[in-house]
Structures are given as structure tokens and as C-alpha cells.
Amino acid sequence: MAGSREVVAMDCEMVGMGPHRESGLARCSLVNVHGAVLYDKFIRPEGEITDYRTRVSGVTPQHMVGATPFAVARLEVPFPSFPVAVE
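Now for a quick tour of the structure. In this text, all values refer to a predicted model and were calculated from it rather than measured experimentally.

### Thoughts on the pairing of strand S2 (residues 22–32)
Phase 1 of the analysis: Strand direction decides the pairing type here: strand S1 (residues 8–17) and S2, joined by 10 bridges, are antiparallel. What sits directly across from Met-14, in S2, is Leu-25.
Phase 2 of the analysis: In this structure, the hairpin formed by S1 and S2 is closed by a connection of 4 residues, where Gly-18 is found at a positive phi of approximately 70 degrees.
Phase 3 of the analysis: In this structure, S2 lies alongside strand S3 (residues 37–44), joined through 5 bridges in antiparallel fashion. Within the sheet, the bridge partner assigned to Leu-30 lies in S3 and is Tyr-39.
Phase 4 of the analysis: Connecting S2 to the next strand, S3, in antiparallel fashion are 4 residues, including Gly-35 with a positive phi near 90 degrees.

### A look at the side chain of Thr-68
Phase 1 of the analysis: For Thr-68, the location among the structural elements is in strand S5 (residues 68–69).
Phase 2 of the analysis: In contact with Thr-68, other than residues within four places in its own chain, are Lys-41, Phe-42, Ile-43, Arg-44, Ala-73 and Glu-76.

About the cut-offs
- Residues numbered from 1 in each chain as written.
- Predicted model: local features only at pLDDT ≥ 70, side-chain atom pairs only at ≥ 80, totals over all residues.
- Heavy atoms only, no water.
- Pairing = 2+ DSSP bridges.
- Helix = DSSP H or I, 4+ residues; strand = E, 2+ residues; numbered from the N terminus.
- Contact = heavy atoms within 4.5 Å.

In C-alpha cells:
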């Protein structure tokens, strides 16, 4: 995907994190202009999930068991206009 001028659409599902239920990424899906799936994974956010928002997000605790850690996922989807710094 890097270096491509391909049109993509992104959909994200969020969960509540910590005592204030701040949003954390729990699923990321990318499709191209033809509807082909480029990326679709459950992402385990960093921190404690306090609200799965299942009714809206569809995310359950079972999805997080095998989820990709956020630190890994952010390196899997580098966007050319938003370089990802490797720490």
C-alpha cells in the first residue's frame, strides 16, 4: 500500500478505556475503491478496557483474546502521508 495512490475507505470500532471511558481502537478495516478488503483486524488497545460498547461496536471480550496489539497494528498500516516513527 505504501507509495500507492489507491483510494481506500477506513472503518474503526472503538472501546472505552479507563475510568473516563476514553476511546481506544478495537478494530480497523480498510477496503479499496472496489470493495476488496485490504486490512481487517481486531486491535488490542493499550490500557484497560472498561466498556466494550458491544451494542454499537460489536466487539466482545472474546475478540480481544487473539487481537493484534496496538503497537504492532500501527506499523502494519503505514500511510505515505502519515509516516510512522519506529521507536
